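# Structure assessment
Okay, here's what each chain looks like letter by letter:
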Amino acid sequence: MVEASRPDGKAFSDPREELSLDAARRQDVICEQFEQDLRGSSAAAIEHYLNGTAGLERTALLRELLALELEYRAARHEQVRLDDYLTRFPENREVLRLAFVELAAKSAPPGSDPTACFTPIANSKTSLHSINSSAIAIESSPSILADHPEYRILRRLGVGGMGAVYLAEHRIMQRLVALKVIRPEILANDEAQSRFDREIKAAGRLHHSNIVTAYHAERVGATLILVMEYVEGIDLAHRLAECGPLPIPQACEFARQAALGLQHAHESGLAHRDIKPQNLILTGENQIKILDFGLAHFVSETGQATQAGTILGSVDYMAPEQASDAHSAGIRADIYSLGCTLYELISGHPPFPSGSLLERLKSHAAESPPRIESLPIELWSILKRMLEKDPARRYQEPRDVAEALKPFCQTVEGSAEAKRPAPKLVGRRVKRHRRASLIGLFLVVLVTAWWLFWKPLVPDVSPNAQRLYDQAVFQLSLRRVEPTKNAIKRLQETLEIAPNYLKARIALANAYNLQGDYGWEMPDEVFPKAMANALKAIEADPRSSDAHLAMAFAINAYDDDWRKAEAEYQKAFDLDQKSVDAHHWYAWFLVQQGHRDLAEEEIKRAAEWGASQVVVIANVGRIQYFAGSYDDAVASFEQAISLDPGFAKARLDLATTYVELGKLGEALDQFKLMRDQGLTEDNRDLIAARAYAFARCGKPREARELLTQLEALATAKPLAYDIATIYAALGDKDTAFKWLEKTFVQHSPWRVFVKIDPRWNGLRGDERFKPFLRREGF
Amino acid sequence: MANSSADASITQWIADLKDGRETAAQGLWELYFDRLVGLARTKLAAATRRSADEEDVALSAFKSLCLGAAKGRFRELRDRDNLWPLLVVLTVRKAQDLVKHERRQKRGGNLAASAPQPAIDIENFLSREPTPELSAMLAENCERLLEKLDPAQRQIAQMKLEGHANAEIATQLACGLRTVERRLDLIRKSWDHFDQQV
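Given the structure is predicted, the values throughout are model-derived calculations rather than measurements. (Residues numbered from 1 in each chain as written. Chains lettered and ligands numbered in written order. Predicted model: local features only at pLDDT ≥ 70, side-chain atom pairs only at ≥ 80, totals over all residues.)

### Some points on the overall build of chain A
Under the convention used in this document: Helix and strand definitions here come from DSSP, where helices need a minimum of 4 consecutive H or I residues and strands a minimum of 2 consecutive E residues; each element is numbered from the N-terminal end. Residues with at least 20 neighbouring C-beta atoms inside 10 Å of their own are called buried, those with 12 or fewer are called exposed, and the rest are partly exposed, where every C-beta is derived from the backbone. Note on contacts: each residue gets a C-beta atom placed from the backbone, and two residues are in contact if those atoms are within 7 Å.
Looking only at helices and strands, chain A features 36 helices and eight strands. Sorting the 778 residues of chain A into buried and exposed places 53% on the buried side. A separation threshold of at least 6 residues defines the contact pool for chain A, and within that pool the share at least 24 residues apart is 65%.

Given below as structure tokens:
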């Protein structure tokens, strides 16, 4: 792939530099946690820590987390592969690449051991234009380039036989290019210079998708600079070193593409003369690009640069006629070299890998290449023909090779990730919501909203209080039992140091809201505390939309006063019309009341404004579920899951929706997926969802088994609502009502859903159900 | 508070320093820094003779400076994470604000306050000898700014002011190199921020 610079021209600025102080502080806390986890080897996937960030902040955080992870993995001599990360973060190619470049630079200081196992891999991804990849070093740009009027040097990519290669950016166009600075001694005499000029001029005329384009050359004093297309990818030699031999169809496809590039050159009267895996670059789009056209030819003609190993390294791919007389080597020598390359791609080594230099040269001249066992006979005969000693008996043109290989090729496809259309809603990845009850999802949004939009009202909080607060906010964002407890402790400490710290006060209110809503603590324990803190926040700043929102949430979940809750929502709206959270939460208020259309409208607005929030998208699905639009709901959940495959809550909801659709198999698949992915840390939700699925689908024995587990847990935890729905599904109405009664006694935040929850449909005709509706004032 | 063009020039200057770009200011900075170290040494020596404990706090910035300089740690002045240029710039800015403030007081009116403030000419500034007053202010400013950091950041800042390389700091604190870099960035941001508030 040709790396285009970003339209805003910021391709190479470290995103961290652009962060605000507040954002940088928050990220430091997250990184600290991540590093702690890394040290204890308990670190979750990076996505988990990115939870709830978007835009620049996400990019910057990804950069930090990645740098840390790579650093630690490298220190453990683990293999790190850019490709793995590219699959996970396809929209962040540049960030990933930079992190790998940095790793390479850090891990290979001059004099270090370049064979340390992570080094060549990291280098291979990043220093395509380097021939000697171990030579990556942090080095300031050469003096002759420092003040180049057109190009700004970004960093050195590597050193080859002919000189160093730098990554540079055109000052005006902001296009990235590779600058090859040719060592002056190579062009020592006039003859060499003019020959070089000729070669480069010819190569500059080549424009083909399978050739790295040379843009132009220029002289700066005695030095020649070659400006080339900058290609991001990995050369096939490194690919081989990393992954071993390629599958036959892939190897054939790569060779075929190289042949197409060679054909183009051949039609312009050019040969390459140094085709080998190192000179074939595989881009992220699975495209092969031939490197160093013209240069290789020049080198082979003049015998220059042998001291740097260029020729030596090429012996394994060199046609017999080229070894004896370089000048006689034409395009058919390239075909031979391509044959050797293909041989190596398939078998892992060139046709004559052993022996001294001279012995290998002799083998190329006289011996038949050893048969590769795994090769179909037709393919072997193609390979043999490419490797004929006599040029006249080989394929005469590269296009013939391409044609012959075609039936064995894998169809060209960019990696699925690379071609995947960008999701309409750019994914904020919210990972591992172990236990999430319906309304609780809102809190995710609230917390992120602080992160994104809140400007501190108290500008100078002591550094310690600030730190504690930042840590708490991060822990809340994890949506897990223990971190939430820790967060509450930290927020309490924060408020001891800085009693007027409004953000901390609201965060504390919402932490209690979270505990109550996720069913971690009994409602009586936590919601009164949430209200008390929300009230303090409102008193401190009656103009704070989020303070009113925290209050509205607590009242909505705990108190039976609908009007009071609505009034608080209204205030939150009045103070901040564009509050995504306010719209998001209010949608739930509406749906609880049975205003399904209005609710759907409201939450879709929230989804539109909070464009990247997985939680909101999942909740669009929930509202559709409550509205009985199960197919739409499935689509919404799937969208949320596609944005964050580790989003456990969305999977559970998807499964429950499948149950309503009568698709037990699909529901069970989701449960299984969750277990396979380890999304069962806090598995009460999973048990409850499975029990309900079994109960609905005529498997009462399995359902009751799980029920026993749930009931055992229910003495300490507010699980009454879930248990009641399962008994209702089993048709055990008496027990269902008993548990439903408990739901109300416990003040469960779920009791407001009785009117709309389809899981009660079996009980709705029953006289005993109506009082429950009345109690909520419906 | 400095006006925006002054900010811009300073930001640019620091950016240039960070990039290690050859600017006139770079050379000036190196000279200036040498003199500053000399000054700090004199102060420290005098203090040791007096053995006055109460001044210890204010002098620790000088200690850091001298300690680092003695071990030759500041040879790489273009180290993009060097905190000294930032400290100097912030102190210079503060000094100039003070001067302006006094002038305003003398003129006794808002008139002067609304007049555009000239940008700080960093090169002009650096070409002058650092004065003992300014170096005292630098030490004081350094302490003030260190206080604005949380303990983890303060530790890194202190080590950095003593001229330790990032990798050394990472080893000593048993954390990732990236963590040191990230915190240094945070330190710079914090100082910039607090400076604007003052």
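### Observations concerning the overall build of chain B
Along its length, chain B carries 10 helices and zero strands. Of the regular secondary structure in chain B, the N- to C-terminal order runs α-α-α-α-α-α-α-α-α-α. The 198 residues of chain B split such that 35% are buried. In chain B, once contacts between residues fewer than 6 apart in sequence are set aside, the share between residues at least 24 apart is 78%.

### Considerations on unusual backbone geometry
Glycine aside, residues mostly have negative phi angles, and peptide bonds mostly take the trans form. Residues and elements named next belong to chain A. The phi angle at D292 is positive, at roughly 65°, despite the residue not being glycine. Position of D292 among the secondary structure elements: in the loop between β8 (288–290) and α11 (295–302). By the C-beta count within 10 Å, which is 27 here, D292 ends up buried. Even without a glycine there, the phi angle at H747 is positive, about 60°. Turning to its location among the elements, H747 is positioned in the loop between α35 (733–745) and α36 (770–775).

### A few points about helix α31 (residues 664–676) of chain A
All names here are of chain A. The criterion, for reference: Each helix should span, by expectation, one fewer than its residue count multiplied by 1.5 Å. Each C-beta atom gives one direction from the helix axis, and the arc is the one those directions make.
With 13 residues, α31 extends 18 Å from end C-alpha to end C-alpha; this agrees with the ideal 18 Å at 1.5 Å per step. Taken together, the buried positions of α31 are A667, Q670 and M674. Here the buried residues of α31 occupy an arc of 55° about the axis, which is enough to place them on one side. For α31, the exposed residues lying more than 90 degrees away from the buried face are G665, K672, R675 and D676.

### So, the packing of helix α25 (residues 562–575) of chain A against helix α26 (residues 580–592) of chain A
Describing two packed helices takes the angle between their axes plus the distance from one axis to the other. Residue and element names in this part refer to chain A. Here is the rule: Axis definition: a line fit to C-alpha positions, over the contact stretch in the case of helices; interaxial angles, taken between N-to-C directions, run 0 to 180 degrees. Here the word oblique covers every angle except those under 35 degrees (roughly parallel), over 145 (roughly antiparallel) and from 65 to 115 (roughly perpendicular). It is the rotation of the near helix from the far one that decides the hand of a crossing: anticlockwise by less than a right angle makes it left-handed, clockwise makes it right-handed.
Running from amino to carboxyl end, α25 crosses α26 at an angle of 160°, the nearest separation of the two axes being 10 Å. In terms of their interaxial angle, α25 and α26 are classed as roughly antiparallel. Relative to α26, α25 is oriented so that their crossing is left-handed. Residues A565, E566, Y569, A572 and F573 of α25 pack against A582, Y586 and F589 of α26.

### A short note on the pairing of strand β7 (residues 280–283) of chain A
Residue and element names in this part refer to chain A. Applicable threshold: At least two DSSP bridges between two strands are needed for those strands to be called paired.
Two strands pair when backbone bridges link them, and strand β6 (residues 233–235) and β7 are joined in this way by three bridges, in the antiparallel orientation. Within the sheet, the bridge partner assigned to D235 lies in β7 and is I281. Pairing geometry for β7 and β8, over three bridges, is antiparallel. Among the inter-strand pairings, L280 is bridged to a residue of β8, identified as I290. Connecting β7 to the next strand, β8, in antiparallel fashion are four residues, including N286 with a positive phi near 65°.

### Concerning the sheet that holds β8(A)
Residues and elements named next belong to chain A. Read across the sheet, three strands follow the order β6-β7-β8 without closing on themselves; strand pairing throughout is antiparallel. Only two strands of the sheet have a single neighbouring strand rather than two, namely β6 and β8. Strand-to-strand, the axes of this sheet are offset by a mean angle of 30°, without reference to chain direction. Contacting β6 and β7, helix α9 (residues 236–243) runs over the sheet at an angle of about 85° to β6.

### Re the confidence of the model for chain B
Residue and element names in this part refer to chain B. Heads up, the condition is: How sure the predictor is of each residue is captured by pLDDT, a score from 0 to 100.
Looking at chain B, pLDDT values average 70 and 56% of them are 70 or higher. Ignoring residues within four places in sequence, the model shows residues 1–6, a span with pLDDT below 50, making 12 contacts including any to other chains. Predicted as a complex, the structure gets a pTM of 0.53 and an ipTM equal to 0.77.

### Looking at the nonpolar core
The condition that has to hold: Take the buried Ala, Val, Leu, Ile, Met, Phe, Trp, Tyr and Cys residues, join any whose C-beta atoms are within 7 Å, and the set you get is a nonpolar core.
Ranked by internal contacts, the top residues of the largest apolar core, which has 179 residues, are L491(A), A534(A), A550(A), A554(A), A691(A) and I726(A). Setting aside chain neighbours within four positions, we find A534(A) in contact with A509(A), A547(A), A550(A), M551(A) and A554(A).

### Details of α35(A)
Residues and elements named next belong to chain A. With 13 residues, α35 should cover 18 Å at 1.5 Å per step; its first-to-last C-alpha distance of 18 Å lies within 8% of that length. Inspection of α35 places A736, W739, L740 and T743 among the buried residues, and these make up the whole buried set. Angularly, the buried residues of α35 cover 105° about the axis, an arc narrow enough to put them on a single face. In α35, the exposed positions angled more than 90 degrees off the buried face are occupied by D734 and V745. At its buried positions, α35 is contacted by α34 (720–730) and α36. Following α35 by one or two positions, H747 adopts a phi angle in the positive range, close to 60°.

### Topic: the pairing of strand β5 (residues 223–229) of chain A
Residues and elements named next belong to chain A. Of all seven residues making up β5, five are buried, and the element is well covered by its neighbours. As paired elements, strand β3 (residues 176–182) and β5 share six bridges and run antiparallel to each other. Across the sheet, residue I182 finds its bridge partner in β5, namely L224.

### Side note on the environment of Q410(A)
Residues and elements named next belong to chain A. Position of Q410 among the secondary structure elements: in the loop between α17 (398–405) and α18 (416–419). When the C-alpha positions of Q410 and P247 are compared, they lie 9.3 Å apart, and in sequence the two are 163 residues distant. Once residues lying within four places of it in the same chain are set aside, the contact partners of Q410 are P249, Q250 and E253.

### Digging into the environment of F637(A)
All names here are of chain A. Position of F637 relative to the elements: it lies in helix α29 (residues 630–643). Between the C-alpha atom of F637 and that of A655, which follows or precedes it by 18 residues, the distance is 9.6 Å. When residues no more than four places from it in sequence are discounted, the contact partners of F637 are A618, G621, A650, D653, L654 and T657.

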